[in-house]
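# Secondary and tertiary structure notes
Residues per chain are reported as follows:
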Amino acid sequence: MIDQRLKELESRGMVLRKVISDRPVTVSYQLTDFGRSALKVLDDLRVWSESNEL
């Protein structure tokens, strides 16, 4: 499930996927500038949900 979500985020330009090794397959992900632009919104949503005990 997480692999599917990461592929979606990659296809939308929110994360970059980097293959570190291919035996065994090891990858890393990092946020793009576009992905980082969502952090404030997500943090505001977290604060709102915590303050409303959701």
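Please refer to the structure higher up on the page.
Residues numbered from 1 in each chain as written. Predicted model: local features only at pLDDT ≥ 70, side-chain atom pairs only at ≥ 80, totals over all residues. Heavy atoms only, no water.

### Considering the side chain of Thr 32
- Among the structural elements, Thr 32 can be located in the loop between strand 2 (25-31) and helix 2 (33-36).
- A distance of 3.0 Å separates a polar atom in the side chain of Thr 32 from the backbone nitrogen of Gly 35.
- Each residue touching Thr 32, except ones within four places of it in the same chain, is listed here: Gly 13, Met 14, Val 15 and Leu 16. (Helix = DSSP H or I, 4+ residues; strand = E, 2+ residues; numbered from the N terminus. Polar contact = N/O pair within 3.5 Å; in protein donor to acceptor, adjacent residues only side chain to side chain. Contact = heavy atoms within 4.5 Å.)

### Details of a nonpolar patch on the surface
- A grouping of Leu 31, Leu 39, Leu 42, Leu 45, Trp 48 and Leu 54 is seen on the molecular surface, where their side chains present a nonpolar patch of about 630 Å² in accessible area.
- Per-element accounting of the nonpolar patch gives the leading share, 4 residues, to helix 3 (residues 39-51).
- Residue placement: Trp 48 occurs in helix 3. (Patch = residues over 30% accessible without salt bridge, like charges linked within 9 Å, V, L, I, M, F, W, Y side chains within 5 Å. Areas by Shrake-Rupley, 256 points an atom, 1.4 Å probe, with all protein chains shown as cover. Salt bridge = Lys/Arg side-chain N within 4 Å of Asp/Glu carboxyl O.)

### Here's the deal with unusual backbone geometry
- With omega at -10 degrees, the peptide bond leading from Arg 23 into Pro 24 counts as cis.
- Of note, Pro 24 is situated in the loop between strand 1 (15-22) and strand 2.
- A positive phi angle, close to 50 degrees, is found at Glu 53, a residue other than glycine.
- The topology assignment puts Glu 53 in the segment after helix 3.
- Take Glu 53: its relative accessible area is 75%, and that puts it in the exposed class. (Buried < 20%, exposed > 50% of the residue type's maximum accessible area, 1.4 Å probe, protein only.)

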